[in-house]
Amino acid sequence: MALTKITSGILADEFNTSSVISASTVNFTASQVFTKTLSANTTLVFSNASTGMVKDLVITGDYTITFPAGSKVVAGTYSGTVSNLIQVVVAGPADYWISISQPQA
Amino acid sequence: MKAIEINGNIKTFRRLPNVWEDENGLHLNFRKVADPTEFGFYDVVTPQYDKISERLSAMYFDGDKFTYDVVAIDLEGAHDVLAEDGEVIETKPNYDIAELKQGKISAIKTEAGKLLSPTDWYVTRLAERAVEIPTEIADERLDIVTKSDTFETEINALETVEEVLRYTHAFYPAPALDEVEPISE
């Protein structure tokens, strides 16, 4: 029977898994959600990012975090005292739009 | 205060920005950087200077900080006023001492008027109904007028622009801290 609907069961890992950013590279084809607790100032590197991709980064830690050149914050402010949901939209080659939000008190 | 030089322009910040973008990327939580100088941010050091006779030059970077030179103001100097064709029309003093004096005296008279105004009604009552002004009120009003006249005389006796600019007055000086009675319960 032909497949007429896409279900979550057939999605690749890049759409429905979470992984820890162990070093500093965020591989856009590895997971949908990436987590990291900063223990030092960190520079993130994006790999395999293609236009239209949207990834969620959950990042904690009161350190400076650097995103690749071409990144711009479109909403929110990073807080070092709570977890930050950082959503990255790849709007084009080296064009990353970043929204930052935190849990509401 | 911090400052950074970008393309020849110095940009100042009351403190480090929390988001900073440069050729290396977008830095969030930027105030947590260990060494802002690695990004070109240096302290702004303002030298002590006399605000009446000196001014600060434009800010510049001197290797490990942003700072200013202290430049003496030519208080007694003059400058040429030029016509459109560059011809000198007149030479005017940088500071008009007569104008400065008049400004100070005018301010003193205004202040004296404000101090007198709460008791003006005593004078009106005396004029309209011949009710005597209480002695302490009359003395207070005389004191204000006398002081105002004294200040005006002092100002008119000043000879240099700097003396006029430095001149201060107080009708009722605030007591020094050691003269203030402590509040007792």
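Residues numbered from 1 in each chain as written. Chains lettered and ligands numbered in written order. Predicted model: local features only at pLDDT ≥ 70, side-chain atom pairs only at ≥ 80, totals over all residues.

Q: Can you help me understand the overall build of chain A in this one?
A: Summing up its helical and strand segments, chain A has 1 helix and 10 strands in all. When the helices and strands of chain A are listed from N to C terminus, the series reads α-β-β-β-β-β-β-β-β-β-β. When the backbone C-alpha atoms are referred to their principal axes, chain A occupies close to 55 × 30 × 25 Å. The contacts in chain A between residues at least 6 apart in sequence include a share of 35% that link residues at least 24 apart. (Helix = DSSP H or I, 4+ residues; strand = E, 2+ residues; numbered from the N terminus. Contact = placed C-beta atoms within 7 Å.)

Q: Explain the nonpolar core to me, please; I cannot follow it from the model alone.
A: A general tendency of soluble globular proteins is for nonpolar side chains to be buried together. Ranked by internal contacts, the top residues of the largest apolar core, which has 16 residues, are A:Val26, A:Leu57, A:Ile65 and B:Leu28. Contributing elements (two or more residues each) for this core: strand E6 (54-60), strand E7 (65-67) and strand E9 (84-92) of chain A together with strand E4 (25-28) of chain B. Aside from chain neighbours lying at most four places away, what touches A:Val26 is A:Ile21, A:Phe34, A:Leu44, A:Val45, A:Phe46, A:Lys55 and A:Leu57. (Core = buried A, V, L, I, M, F, W, Y, C linked by C-beta atoms within 7 Å. Buried ≥ 20, exposed ≤ 12 C-beta atoms within 10 Å, placed from the backbone.)

Q: Teacher, can you tell me more about helix H2 (residues 120-129) of chain B here?
A: Helical periodicity: at 3.6 residues per turn, an α-helix aligns residues three or four positions apart in one direction. For H2(B), a buried count of 0 out of 10 residues is recorded, marking the element as mostly open to its surroundings. Just downstream of H2(B), B:Ala130 is the residue with a positive phi angle, here 60°.

Q: Explain the pairing of E9(A) to me, please; I cannot follow it from the model alone.
A: Looking along a regular strand, one sees side chains alternate from face to face of the sheet. Residue and element names in this part refer to chain A. The sheet contact formed by E6 and E9 spans 6 bridges and is antiparallel. Bridge pairing in E9 links Val54 to Val89. One ladder, built from 7 bridges, connects E9 with strand E10 (residues 95-101); its direction is antiparallel. Bridge assignment links Val88 to a residue of E10, and that residue is Ile98. Connecting E9 to the antiparallel partner E10 that follows it, the hairpin turn spans 2 residues, and Ala94 within it adopts a positive phi of roughly 50°. (Pairing = 2+ DSSP bridges.)

Q: Explain the interface of chain A and chain B here, please?
A: By a widespread convention, an interface's size corresponds to the accessible area lost as its parts come together. On the chain B side, the residues contacting the 16 residues of chain A number 13 residues. Counting only elements with at least two residues in the side of chain A that touches chain B, the list comes to E7 and strand E8 (71-75) of chain A. For the side of chain A that touches chain B, the residue count by class is 7 nonpolar, 7 polar and 2 charged. Bridging between E7(A) and E4(B) involves 3 bridges; their strand directions are antiparallel. Residue A:Phe67 lies in a different strand from E4(B), and its bridge partner there is B:Leu26. (Nonpolar A, V, L, I, M, F, W, Y, C, P; charged D, E, K, R; others polar.)

Q: Got a minute to help me understand the sheet that holds strand E7 (residues 60-61) of chain B in this structure?
A: Residues and elements named next belong to chain B. Within the open sheet, the 5 strands sit side by side as E2-E1-E5-E8-E7. Their pairing is mixed. Since the sheet does not close on itself, it has two edges, and those belong to strand E2 (9-13) and E7, each with one partner. Here 2 bridges tie strand E1 (residues 2-6) to strand E5 (residues 42-45), and the two strands are oriented antiparallel to one another. From the neighbouring strand, Lys2 faces E5, where its bridge partner is Asp43.

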